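Chain residues, written in single-letter form:
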Amino acid sequence: MADDLVVADFEPRMPTTKEAKVTNYPFSIIKYSPRGGDKLLFKQDEVITAYLLAINSGISRSDLAFTDLDKLDERTKELVVRLKALRSSPWDSPYILTGEWLEQASRIYRRITSDTGEYLNLPDDIASAMKTKPLIVKLMEELFGKDDEWEERAKKILRAQVLYPGQDIRLVWGSRHSLPTKEAQLSQHIDLELPSILKSFSGKPAGSLAHILFTMQDETCYLLAASTSGPEIRNTPGVVLEFTPSHKLWSLDCFVN
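Residues numbered from 1 in each chain as written. Predicted model: local features only at pLDDT ≥ 70, side-chain atom pairs only at ≥ 80, totals over all residues. Heavy atoms only, no water.

(A) Broad picture of the overall build of the protein chain. A count of helical and extended segments in the protein chain gives 10 helices and six strands. Its C-alpha atoms give the protein chain principal-axis dimensions of about 70 × 40 × 40 Å. By residue count, 40% of the 257 residues in the protein chain fall in the buried class. Pairs at least 24 residues apart make up 75% of the contacts formed inside the protein chain by residues separated by at least 6 positions. Carbon together with sulfur atoms contributes 53% to the accessible area of the protein chain, which is approximately 15000 Å² in total. Treating the 32 positive side-chain charges of the protein chain as one cloud and the 37 negative ones as another, the clouds have centres 5 Å apart. (Helix = DSSP H or I, 4+ residues; strand = E, 2+ residues; numbered from the N terminus. Buried < 20%, exposed > 50% of the residue type's maximum accessible area, 1.4 Å probe, protein only. Contact = heavy atoms within 4.5 Å. Areas by Shrake-Rupley, 256 points an atom, 1.4 Å probe, with all protein chains shown as cover. Lys, Arg positive; Asp, Glu negative; His and termini not counted. Charge placed at Lys NZ, Arg CZ, Asp CG, Glu CD.)

Shown next as structure tokens:
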């Protein structure tokens, strides 16, 4: 079959009596929530507006659409504001996202955490900086033992907070995998040490990503903190539109059998 051809097949089926009695609402799929299996109930007098806003702006909340900013620090601050807003969205106010919005957010996240693949050593640099702190070394040796390479554990935790080329911010439904107790304590120490470590990057060459991170300590700490979900927007009342106007499907010929 040609790459520019799609054939759609439909199989007629009568709904069951139970299915016929259920009221269906747009985007109201049942998913995981902190309360367990809630529906995303969009207000029916607002759902079309929300859909059109998402199509035109990338997100159904116009205040969270990205603006045309040039400077990296401004774009990063804008990203953090939007991630915080989505992560605190109440369940009675669901939202719609597009893949384009997520890609725009991911580009900023990749740029600020890995320089879009040009700087892959951020977890190593942070772990190395922690190892220069005698108190941290003492705490880690008490926690893991003197012969344990705890800095490798720290790097692994930090890598989960970084976006590398080919990776994207994603909406995730479901409970988060819990770290073992010792790794969880290490994560807490990473969060506590991040501000002082970023300050130590002040001596890095101007224009380097490390120095840029020093100038944006609050935003960087939020993105890299192990206590956040990193590049995941987890268990929030949102859905992602797949077939937006830019999707390649709309440029294909479709035949219905």
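We are not done yet, so read on.
(B) Up close: the packing of aromatic side chains. Here the structure, examined in full by the defined rule, presents one aromatic pair. When the ring centre of Phe66 is taken as reference, the NZ or CZ atom of Arg82 above it lies at 5.6 Å. For Lys84, the ring lying beneath its charged end belongs to Tyr222, and the centroid distance is 5.0 Å. (Phe/Tyr/Trp six-rings, centres within 6.5 Å; stacked < 30°, edge-to-face > 60°. Lys NZ or Arg CZ within 6 Å of the ring centre and 35° of its normal.)

(C) Here's a closer look at the side chain of Thr98. Note that Thr98 resides in strand S2 (residues 95-98). Excluding residues that lie within four positions of it along the chain, Thr98 makes contacts with Ala54, Gly58, Val240, Leu241 and Thr244.

(D) Quick look at the pattern of salt bridges. A full pass over the atoms with the stated rule returns 14 salt bridges. Residue Asp63 is joined to Arg61 by a salt bridge in which the shortest nitrogen-to-oxygen separation is 3.0 Å. The class of Asp63 is partly exposed, set by a relative accessible area of 46%. Given a relative accessible area of 30%, Arg61 falls into the partly exposed group. A salt bridge links Lys155 to Asp124; its shortest N-O distance comes to 3.6 Å. With Lys155 in helix H7 (residues 150-159) and Asp124 in helix H5 (residues 122-131), this residue pair connects regions lying 31 residues apart in the sequence. A relative accessible area of 13% means that Lys155 is categorised as buried. Salt bridges here are not isolated pairs; linked through shared partners, they connect Glu103, Arg107, Arg110 and Asp168. (Salt bridge = Lys/Arg side-chain N within 4 Å of Asp/Glu carboxyl O.)

(E) Focus on the packing of H5 against helix H8 (residues 181-200). Running from amino to carboxyl end, H5 crosses H8 at an angle of 90°, the nearest separation of the two axes being 10 Å. What the angle tells us is that H5 and H8 run roughly perpendicular. Contacts between H5 and H8 involve Ile126, Ala129 and Met130 on the former and, on the latter, Leu186, His189, Ile190, Leu194 and Ile197. Taken together, the residues that form the contact of H5 with H8 break down as seven nonpolar, one polar and no charged. (Axes fitted to C-alpha atoms, helices over the stretch in contact; angles between N-to-C directions. Parallel < 35°, antiparallel > 145°, perpendicular 65-115°, else oblique. Nonpolar A, V, L, I, M, F, W, Y, C, P; charged D, E, K, R; others polar.)

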